[in-house]
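# Fold and geometry: a report
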Amino acid sequence: MRSSLLGVLMLAACGCGATAAPSGPPAAPAPPGAIDRAAMVERVRGEMRRAWAAYVRDAWGHDELRPVTRTARDWYGESLLITPVDALDTLVMMGLTDEATAARRLIDERLAFDKDITVKNFEITIRVLGGLLSGYQLTGDAQLLRLADDLGARLLPVFGSPTGMPYMFVNLKTGAVSGAKTNPAEIGTLVLEFGALSKLTGKPIYLDKARNALVQLYARRSKLGLVGEEIDVETGQWLSPNSHVGGGIDSYYEYLLKGSILFRDAELGRMWRTSAAALDQHLAEDVAGGLWYGQVDMATGARTAAEFGALHAFLPGVLVLGGDLARARRLEASCIRMWQLRGIEPEVIDYRSMAIRAPGYQLRPEIIESAWYLRRATGDPQYLAIGKMFLDDLVAHTRAGDGFTVLTSVETMAQGDLMPSYFLAETLKYLYLMFAPDDAVDLERVVFTTEAHPLRRTW
Ligand code: DMJ
């Protein structure tokens, strides 16, 4: 079903067929003037169609595809259809109508949550709850909202801690919770999905619980305005003072700002501005003319490391949304430098020595997402050239059969064997948006979740 939200794009037949290139020194981006946006839209759309077809052929009905061995992976022994749910809105947005219909039918007919499995609340919220909600808004299929409501009710027990901050895990059948030691990202990256569920079902409890968790976490920030890496939701005590914008913390900051935009929530907006000022003051660091955000002790501000990586690369996009274009541009330039070290970004580098600390690449979208926000906000065509570079490099190094796979090392380009669901939900979606006409998405009313699910303010 074609999206009423995203408008009709002029899309023709698949233009896929790029072949693997030999690895070598990283390529420089093409001159911006040479980018044919319509042709790039077709290329990305072709890659999506092909990767989806690989999932259908080798992992249909399962959570994720292992594209090298052409086998399937289920996270919890039985499938929650994570890839179809995560990918549905991308298929709709790209106008891949037959594929979207097949995904939607599979979800309608087979997805059920009355299962005796213990799931990670954060991952199931961002991938499954978020995917059901955006799928519902894009297709009008009421079964998707019913499923979201059922899932939301089964996840709610996580908020039953003494502090109101969520436990990490919950059993979908029994409601038993576990995992009191958790982190800001898992606590603070729920308000968009739970909040939208409240607005669409008329049940305020979801928004109330998720928003309170965010407020409780913020209330425990240090005197410097920073949060640490690990906290106990039963005692409210910090277990790690390590403060940064990478994995385990990242999307907490993202949801302060995006929650304020989607729900027109002035208090969340103030919380974002206070936090962003603390990040700029204590984490940001200029090294050889480049801007980076490293690691400090949340209480003292003492620097503990100078590490940056693929997950940190969400920040330029959020800075764009927050109105700080200058920092966003400079930080994205650093991210691109990181990508060009080897022609694909590593998971973690030391930005002072530019040494690679963790060499894998998990098919992550963040650097592309940020480039898209910058392209939209600045109109600067250099981001189109950079988008093409990202796609060329992905095709050259991460294509596996008809799918794409993670790399165990960007130094050797050795491939692992997994196509994470977010590659279809996020990585290919942001590449598509990079080249698609800007009226494809109305950013005045649509907020993309951390998993790139577009939620539309209809309330
Ligand atoms: C996705 O599941 C989400 O973007 C999350 O916020 C971070 N990790 C992956 C992508 O890297």
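Residues numbered from 1 in each chain as written. Predicted model: local features only at pLDDT ≥ 70, side-chain atom pairs only at ≥ 80, totals over all residues. Heavy atoms only, no water.

## Topic: the sheet that holds strand β3 (residues 118-120)
- Strand order in the open sheet formed by three strands is β3-β4-β5, and the pairing between neighbours is antiparallel. Strand pairing shows two members of the sheet lacking a second neighbour, β3 and β5 (177-178), which therefore form its edges.
- Direction of pairing for strand β4 (residues 169-171) relative to β5: antiparallel, over a ladder of two bridges. When the sheet's bridge partners are listed, Val170 is paired in β5 with Val177. (Pairing = 2+ DSSP bridges. Helix = DSSP H or I, 4+ residues; strand = E, 2+ residues; numbered from the N terminus.)

## Considerations on empty space enclosed by the protein
- Considering all chains together, one arrives at three cavities of 30 Å³ or more under this definition.
- Roughly 50 Å³ of volume is contained in the largest cavity.
- Lining the largest cavity are Lys258, Ile261, Leu321, Tyr373, Leu443, Val446, Val447 and Phe448.
- Counting residues per element, the ones that place at least two in the lining of the largest cavity are α9 (250-262) and β21 (446-448).
- It is β21 that contributes the most residues to the lining of the largest cavity, three residues altogether.
- Its residues placed into classes, the lining of the largest cavity shows seven nonpolar, no polar and one charged. (1 Å grid on protein atoms, 1.4 Å probe; cavity = no way out; pocket = protein on both sides within 12 Å on 5 of 7 lines; lining within 4 Å. Points joined across faces, edges and corners; volume = space filled by probe spheres on them. Nonpolar A, V, L, I, M, F, W, Y, C, P; charged D, E, K, R; others polar.)

## Concerning the pattern of salt bridges
- A full pass over the atoms with the stated rule returns 34 salt bridges.
- A salt bridge links Glu64 to Arg127, with the shortest nitrogen-to-oxygen separation between them at 3.4 Å. Remark: Arg127 occurs in helix α4 (residues 121-139) and Glu64 occurs in strand β1 (residues 64-66); sequence separation between them is 63 residues.
- Residue classification places Arg127 among the buried residues on the basis of a relative accessible area of 7%.
- Two residues, Glu254 and Lys258, come together in a salt bridge whose shortest N-O distance is 2.7 Å. With Glu254 and Lys258 both in helix α9 and four residues apart, the pair spans about one turn of that helix. (Salt bridge = Lys/Arg side-chain N within 4 Å of Asp/Glu carboxyl O. Buried < 20%, exposed > 50% of the residue type's maximum accessible area, 1.4 Å probe, protein only.)

## Some thoughts on the environment of Leu311
- Here Leu311 is to be found in the loop between β14 (307-309) and α11 (315-322).
- Put simply, Leu311 and Pro157 are 154 residues apart on the chain and 29 Å apart in space, counted from C-alpha to C-alpha.

## Section: the layout of surface pockets
- Here the largest pocket defines a volume of roughly 550 Å³.
- Lining of the largest pocket is provided by 30 residues; of these, Phe122, Glu123, Leu311, Arg364 and Tyr422 occupy positions nearest its centre.
- Only α4, α6 (184-188), α9, α13 (366-378) and α15 (421-435) provide two or more residues apiece to the lining of the largest pocket.
- By residue number, the principal contributor to the lining of the largest pocket is α4, which donates four residues.
- Residue classes in the lining of the largest pocket are distributed as eleven nonpolar, six polar and 13 charged.
- Taken as a whole, the second largest pocket spans an internal volume of roughly 160 Å³.

## Observations regarding the site of the ligand
- Near the ligand you find Ile126, Leu311, Arg364, Pro365, Glu366, Tyr422, Glu426, Thr450 and Glu451, and these make up its full shell.
- Glu451 is positioned with one of its side-chain polar atoms (N or O) 2.6 Å from an oxygen atom of the ligand.
- When atom positions are compared with the pocket grids, the ligand is found to occupy the largest pocket. (Near = heavy atom within 4 Å. Polar contact = N/O pair within 3.5 Å; in protein donor to acceptor, adjacent residues only side chain to side chain. Sits in = over half its atoms within 2 Å of the grid points.)

## Focus: the packing of helix α2 (residues 82-93) against α4
- Between α2 and α4, the least distance of the axes is 8 Å, while the angle of their chain directions is 35 degrees. Of the two elements, α2 crosses α4, and the hand of that crossing is left-handed. The residues of α4 that touch α2, namely those facing Ile82, Val85, Asp86, Leu88, Asp89, Val92 and Met93, are Ile124, Ile126, Arg127, Val128, Gly131, Leu132, Ser134, Gly135, Leu138 and Thr139. (Axes fitted to C-alpha atoms, helices over the stretch in contact; angles between N-to-C directions. Left-handed = near helix turned anticlockwise from the far one by under 90°. Contact = heavy atoms within 4.5 Å.)

## Side note on helix α12 (residues 325-340)
- Over its 16 residues, α12 runs 22 Å from end to end, which matches the ideal 22 Å to within 8%, given 1.5 Å per residue.
- Those residues of α12 that fall on the buried side of the exposure criterion are Ala328, Leu331, Glu332, Ser334, Cys335, Ile336, Met338 and Trp339.
- Residues of α12 that are buried make contact with β11 (290-293), β14, α11, β15 (348-350), α13 and α14 (382-398). (Expected span 1.5 Å × (residues − 1).)

## What to know about the packing of aromatic side chains
- The final tally for this structure, using the stated rule, is 17 aromatic pairs.
- With a centroid separation of 6.5 Å and 80 degrees between ring planes, the pair formed by Trp52 and Trp60 is classed as edge-to-face.
- Of the residues examined, Trp52 reaches a relative accessible area of 2% and is grouped as buried.
- For Trp60, a relative accessible area of 31% corresponds to the partly exposed category.
- Taken together, Trp372, Tyr373, Tyr430 and Phe448 form an aromatic cluster joined through their ring pairs. (Phe/Tyr/Trp six-rings, centres within 6.5 Å; stacked < 30°, edge-to-face > 60°.)

## Comments concerning the confidence of the model for the chain
- Across the chain, pLDDT averages 94, with 93% of residues at or above 70.
- Low confidence marks residues 1-25, where pLDDT is under 50. Its contacts with residues over four positions away, or in another chain, come to 61 contacts. (pLDDT = per-residue confidence, 0-100.)

## Regarding the side chain of Ser222
- As for its placement among the helices and strands, Ser222 is situated in the loop between α8 (205-219) and β7 (230-232).
- Not counting residues up to four positions away in its chain, the partners in contact with Ser222 are Met298 and Ala299.

## Description of the packing of helix α1 (residues 37-59) against α14
- Orientation of α1 relative to α14, taken along the N-to-C sense of each, is 30 degrees, at an axis distance of 12 Å. It follows from the interaxial angle that α1 and α14 lie roughly parallel. Note that α1 runs across α14; the crossing there is left-handed. In this structure, α1 uses Arg37, Met40, Arg43, Val44 and Glu47 to contact α14, whose residues at the interface are Leu384, Lys388, Leu391, Asp392 and Val395.
- In terms of residue class, the contact of α1 with α14 is made up of five nonpolar, no polar and five charged. (Parallel < 35°, antiparallel > 145°, perpendicular 65-115°, else oblique.)

## Let's talk about the sheet that holds β7
- As summarised here, the arrangement of the three strands in space is β6-β7-β8, forming an open sheet in which the pairing is antiparallel. Looking at the sheet topology across the chains shown, the edges are occupied by β6 (181-182) and β8 (238-240).
- The pairing of β7 with β8 spans two bridges and is antiparallel. The residue bridging Glu230 from the neighbouring strand is Ser240, located in β8.

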